[in-house]
Amino acid sequence: MTQRALDSSGGQNPDPVHPVAPPPPEYRPGGLSTAEVAERVARGEVNDVPVRSSRSITEIVRANVLTRFNLIIGVLWVIMLMVAPIQDSLFGFVIVANTVIGIFQEWRAKRTLDSLAVIGEAKPTVRRDGEAAEISTSAIVLGDLIELGPGDKVVVDGSVAEADGLEIDESLLTGEADPVLKSRGDPVMSGSFVVAGGGAFTATKVGREAYAAQLAEEASRFTLVRSELRTGISTILKYVTWMMVPTAIGLIISQLVVKENDFKDSVARTVGGIVPMIPEGLVLLTSVAFAIGVVRLGRKQCLVQELPAIEGLARVDVVCLDKTGTLTEGGMDVTGVRRLGEADEAYVGRVLGALGGSDPHPNASLAAIVEAYPERGDWRVTDTLPFSSARKYSGAAFDEGGAGGSAWLLGAPDVLLPEGAAELAEVEELNRQGLRVLLLARARAGLDDPDASADAVPTALIVLEQRLRPDAGETLEYFAEQRVAAKVISGDNAVSVGAVAAKLSLPGAEHPLDARRLPAERDRMATAMEENAVFGRVTPQQKRNMVAALQSRGHTVAMTGDGVNDVLALKDADIGVSMGSGSEATRAVAQIVLLDNSFATLPSVVAEGRRVIGNITRVATLFLTKTVYSVLLAVLVVCFQVEYPFLPRHLTLLSTLTIGVPAFFLALAPNKERAHPHFVRRVMRYAIPSGVIAAVATFATYLLAGHHYSGTDALDAETSAATLTLFLVSMWVLAIIARPYTLWRICLVAAMGLAFLVVLAVPWLQDFFALKLVGTTMPWAAVAIAVVASAALEFAWRLVTRRFGP
């Protein structure tokens with residue numbers, strides 16, 4: 001069947017999510033043949049939409065090279081190469097080196113992302129030549145028969161060919177939370193996912209014609225979510241540009257027109273005043289820090305699908321954990337079956353075996369029952385009711401041969417039993433022990449009845465033991481230490497969930513709350529969420545509402561999960577974290593995927609985010625202090641009508657020793673400090689006083705030296721004295737930012753100071769950088785001014801910290 005035939009309805013569809021279904025394609029239970037697949041591939045009828053997990057190499061190079069500040073610096077570099085010695089053009093070589101480093105680091109991150117994305121890629125099951133096999137999404141062709149089970153994502157558009165209680169959630173496309181029951185011939189849309197039942201569908205639109213592909217055409221996985229760090233840096237750069245333009249114009253006029261200096265020397269000093277205003281390394285360092293974070297987490301089998309998710313998780317103060325698959329391992333064990341009433345043990349075993357055989361896609365509970373009761377007998381399945389999170393039970397009807405027919409339900413006792421039933425006391429006692437309990441009940445009504453559980457006859461209690469993750473306790477302890485509130489949210493019985501949480505020493509586990517008693521009003525729900533830690537019998541929609549309630553109180557919320565019932569909450573949370581073994585739907589909406597299914601990886605992600613944010617905040621203060629003192633020095637030069645004190649080589653040396661090299665190491669250092677909001681405000685409240693103090697101290701030294709020295713070499717001596725003051729003050733800023741001190745931090749600061757002493761002591765370096773301290777009076781005066789400025793810096797930093805907090 002050709003694409004033209006499938007689209008024969010003609011015209012544009014007014015409702016792309018609920019389209020008018022075309023005539024259903026021919027149903028072939030065995031799927032396409034190998035020859036037919038080859039024909040379709042040759043015709044280009046293949047699902048060829050590239051799944052991008054990162055930017056292309058071309059985009060990486062373009063993003064690192066073609067920047068506004070690289071353009072400004074590039075022009076200034078060319079000018080300097082024409083009018084000044086090579087040492088005054090060093091800033092250009094530094095920018096080239098920084099850009100190359102940035103490209104290399106992001107390329108490393110791209111390789112990591114791409115390799116991890118292949119590991120985590122969905123592998124739909126396709127029937128060909130009568131056999132089912134998992135294939136890559138990109139290998140699907142038009143007309144393929146694709147099987148579906150609970151949690152499977154619909155990867156291309158199609159038409160239902162087989163349906164067994166098939167319920168599809170289209171909320172990610174339509175916003176409608178209620179699952180849609182699908183029958184044969186009904187359309188299914190790519191981007192939706194199965195919440196219950198199973199079946200198969202025939203692909204009718206593949207590649208860029210599929211609906212989800214059209215929605216995502218303009219975006220890729222690399223598309224950045226909102227990032228306060230990136231937004232803040234963009235804001236800073238915008239303000240810097242506004243300040244830089246008029247200041248640079250004033251400086252140019254001052255140096256070239258008013259002073260009437262030697263043209264080449266004036267140009268060199270003008271460029272020397274403009275270049276340090278640009279915090280060009282800040283953007284680079286942020287990208288490098290993110291890229292290295294991705295590589296580090298990749299080594300721990302953690303796929304970061306959106307880079308700022310690292311930052312987001314560092315800001316999280318509430319993490320909502322799904323019990324099953326997060327605190328407990330996926331598997332369970334049947335530890336006992338307690339018969340109720342006059343039920344026969346052998347007969348109950350046959351029923352359980354038949355129920356296990358009735359579902360081709362058993363969940364964890366039913367899989368444990370299948371393992372314990374493998375005998376399926378000769379009962380014929382006449383009807384099925386797949387499990388759904390909303391119902392909390394599943395069912396099946398059987399023809400028992402000569403014994404007639406029967407219908408059975410298996411699910412939550414407190415849902416299937418009326419309130420106050422005697423059996424609930426025993427269930428409560430088992431739940432307190434941390435055991436999971438299911439009720440087997442005989443249905444009086446048909447499975448297609450809206451209330452199939454009405455008047456069901458309780459037959460047996462199936463007791464299941466969940467396997468705790470060995471690392472869950474340590475992870476919860478880590479969150480407690482980091483002041484991140486952990487909330488366990490589960491669809492299971494609240495008492496049972498509380499018992500599991502208590503085994504892991506979660507504070508508040510002794511007071512579990514049944515979500516059916518949660519207030520629907522958002523503010524009251526938020527209060528309940530803040531006051532409690534364990535919630536049971538939570539529906540998928542409630543999970544979503546609980547996330548929204550916490551967010552309404554200003555909390556940054558992370559949500560973990562692995563099942564389809566977690567998708568809506570994962571999508572709405574600030575950061576969604578999915579297990580690698582989770583459903584395709586959860587992996588698709590999560591920003592972070594733990595490919596090794598280890599909950600213990602989460603602290604590494606939080607720590608990595610805190611390292612990136614805390615360190616970038618630190619080094620941003622270094623960069624912006626330089627910008628502030630550069631702008632202010634230029635303003636003072638214009639106002640006092642004097643030569644600009646520095647050549648580009650001087651500020652290249654100072655920037656390298658007090659900012660460039662130490663910032664690189666500080667940006668990659670361990671940092672467990674919790675991320676704070678208002679990045680721009682926090683950085684500028686330290687950078688502005690630091691820059692002002694540095695500029696005033698430096699200019700004071702320069703003016704004092706101007707009165708002290710005279711003769712043809714006076715300007716060089718004045719510049720050297722001013723450079724000494726600026727270096728010492730900048731070193732004190734670095735020393736403050738490097739706190740709290742460790743051995744390597746002390747060595748880093750000391751090494752930068754020693755490097756400057758080497759420049760002052762070695763003759764050829766003195767000549768290269770045009771630095772030579774003349775006499776003893778002025779150099780010691782420069783040191784004295786730097787000491788006073790450093791004391792002022794200490795006072796200013798402590799004042800800001802005391803008034804606004806760390």
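Scroll up to find the structure this text is about.
Attention in this report is confined to the structure presented alongside it.

Cut-offs applied
Residues numbered from 1 in each chain as written. Predicted model: local features only at pLDDT ≥ 70, side-chain atom pairs only at ≥ 80, totals over all residues. Heavy atoms only, no water. Helix = DSSP H or I, 4+ residues; strand = E, 2+ residues; numbered from the N terminus. Buried < 20%, exposed > 50% of the residue type's maximum accessible area, 1.4 Å probe, protein only. Contact = heavy atoms within 4.5 Å. Polar contact = N/O pair within 3.5 Å; in protein donor to acceptor, adjacent residues only side chain to side chain. Phe/Tyr/Trp six-rings, centres within 6.5 Å; stacked < 30°, edge-to-face > 60°. Pairing = 2+ DSSP bridges. Axes fitted to C-alpha atoms, helices over the stretch in contact; angles between N-to-C directions. Core = buried A, V, L, I, M, F, W, Y, C linked by side-chain atoms within 4.5 Å. Expected span 1.5 Å × (residues − 1). Salt bridge = Lys/Arg side-chain N within 4 Å of Asp/Glu carboxyl O. Patch = residues over 30% accessible without salt bridge, like charges linked within 9 Å, V, L, I, M, F, W, Y side chains within 5 Å. Areas by Shrake-Rupley, 256 points an atom, 1.4 Å probe, with all protein chains shown as cover. Lys, Arg positive; Asp, Glu negative; His and termini not counted. Charge placed at Lys NZ, Arg CZ, Asp CG, Glu CD.

**A look at the side chain of glutamate 718**
No. 1: Examined against the element boundaries, glutamate 718 turns out to sit in helix H25 (residues 714-737).
No. 2: By relative accessible area, glutamate 718 is classed as buried at 11%.
No. 3: Discounting chain neighbours no more than four positions away, the residues touching glutamate 718 are Tyr702, Ala705, Gly706 and Tyr709.

**Concerning helix H17 (residues 494-503)**
No. 1: Among the 10 residues of H17, 8 are classified as buried, and the element is accordingly described as predominantly covered.
No. 2: Within the sequence span of H17, burial applies to Ala494, Val495, Ser496, Val497, Gly498, Ala499, Val500 and Ala501.
No. 3: Among the residues of H17, the N-terminal cap falls to asparagine 493, whose side-chain oxygen and the backbone nitrogen of valine 495 are separated by 2.8 Å.
No. 4: Looking one or two places after H17, you find serine 505, whose phi comes out positive at around 60 degrees.

**Some remarks on the side chain of asparagine 431**
No. 1: Its place among the elements puts asparagine 431 in helix H15 (residues 423-432).
No. 2: Here asparagine 431 falls in the buried class, since its relative accessible area comes to 2%.
No. 3: Ignoring sequence-local partners within four residues, the contact set of asparagine 431 consists of Val437, Asn493, Val495, Ser496 and Ala499.

**A few points about the packing of aromatic side chains**
No. 1: Taken as a whole and assessed by the stated rule, the structure comprises 11 aromatic pairs.
No. 2: Geometrically, the ring pair formed by phenylalanine 664 and phenylalanine 665 is edge-to-face, given 5.9 Å between the ring centres and 85 degrees between the ring planes.
No. 3: Its relative accessible area of 29% is what places phenylalanine 664 among the partly exposed residues.
No. 4: For phenylalanine 665, a relative accessible area of 45% translates into the label partly exposed.
No. 5: Among the aromatic side chains, those forming a connected cluster through ring pairs are Tyr347, Trp379, Phe398 and Trp408.

**Overview of the sheet that holds strand E18 (residues 534-536)**
No. 1: If you trace the 8 strands from one edge of the open sheet to the other, you get E8-E21-E20-E19-E9-E16-E18-E17, paired in mixed fashion. If you trace the sheet from one side to the other, it starts and ends with strand E8 (302-304) and strand E17 (513-514), each paired once.
No. 2: Contacts between H17 and the sheet are confined to strand E16 (485-489), E17 and E18, with E18 contributing the most and set at about 145 degrees to the helix.

**Focus on the nonpolar core**
No. 1: Counting residues in each nonpolar core, the largest one holds 121 residues, and the members touching the most others are Leu313, Leu506, Ile592 and Phe756.
No. 2: The dominant element in this core, judged by the number of residues it contributes, is helix H22 (residues 602-640), at 16 residues.
No. 3: Leave out the neighbours within four places in its chain, and phenylalanine 756 touches Leu653, Leu654, Leu657, Thr723, Leu724, Phe727 and Leu771.
No. 4: Among the nonpolar cores identified, the runner-up in size contains 25 residues, and Met525, Phe535, Val557 and Val567 belong to it.

**What about the pairing of strand E20 (residues 575-579)?**
No. 1: For E20, the tally of buried residues reaches 5 of 5 residues, placing the bulk of the element in the interior.
No. 2: Every second residue of E20 is oriented toward a common face, with Ile575, Val577 and Met579 on one face and Gly576 and Ser578 on the other, all of them buried.
No. 3: Bridge count between E20 and strand E21 (residues 592-594): 3 bridges; the pairing is parallel. Paired with valine 577 across the two strands is isoleucine 592, which belongs to E21.

**Regarding helix H12 (residues 345-358)**
No. 1: Here H12 is 14 residues long and its end C-alpha atoms lie 20 Å apart, about the 20 Å a rise of 1.5 Å per residue gives.
No. 2: Looking at H12, one finds that the buried residues are Val348, Gly349, Val351, Leu352, Gly353, Ala354, Leu355, Gly356 and Ser358.
No. 3: With a side-chain oxygen positioned 3.1 Å from the backbone nitrogen of alanine 346, the residue opening H12 is aspartate 344.

**Side note on unusual backbone geometry**
No. 1: Going from arginine 739 to proline 740, the amide bond is cis rather than trans, its omega being -5 degrees.
No. 2: Notably, arginine 483 is not glycine yet its phi reads approximately 60 degrees, a positive angle.
No. 3: With respect to the helices and strands, arginine 483 occurs in the loop between helix H16 (472-481) and E16.
No. 4: Here arginine 483 falls in the exposed class, since its relative accessible area comes to 61%.
No. 5: Positive phi outside glycine occurs at arginine 537, with the angle close to 55 degrees.
No. 6: Locating arginine 537 in the fold gives a position in the loop between E18 and helix H19 (540-552).

**Notes on the pattern of salt bridges**
Opposite charge on two side chains allows them to pair when their charged atoms are near.
No. 1: All chains considered together, the criterion is met by 20 salt bridges.
No. 2: Two residues, arginine 380 and aspartate 399, come together in a salt bridge whose shortest N-O distance is 3.4 Å. Of this pair, arginine 380 sits in strand E11 (residues 380-385) while aspartate 399 is found in strand E12 (residues 393-399), placing the two residues 19 residues apart along the sequence.
No. 3: Using a relative accessible area of 51% as the deciding quantity, one classes arginine 380 as exposed.
No. 4: With relative accessibility at 28%, the residue aspartate 399 sits in the partly exposed group.
No. 5: For arginine 739, the salt bridge goes to glutamate 794, with nearest N and O atoms at 2.5 Å. Placement of arginine 739 in the loop between H25 and helix H26 (743-761) and of glutamate 794 in helix H28 (residues 777-804) is noted, with a sequence separation of 55 residues between them.
No. 6: Residue arginine 739 is classed as partly exposed on the basis of its relative accessible area of 30%.
No. 7: Each of Asp414, Asp514, Arg516, Arg517 and Arg537 takes part in one network of salt bridges that share partners.

**Description of a negative patch on the surface**
No. 1: Side chains of Asp164, Asp383, Asp448, Asp449, Asp451 and Asp455 sit close together on the surface and give a patch of like negative charge.
No. 2: Turning to its location among the elements, aspartate 449 is positioned in the loop between strand E14 (436-442) and strand E15 (457-468).

**A look at a nonpolar patch on the surface**
No. 1: Taken together, the side chains of Ile57, Val61, Val65, Leu66, Phe104 and Trp107 present a nonpolar region at the surface, about 530 Å² in accessible area.
No. 2: Counting residues per element, the ones that place at least two in the nonpolar patch are helix H3 (57-65) and helix H5 (90-120).
No. 3: Per-element tally for the nonpolar patch: the top contributor is H3, with 3 residues.

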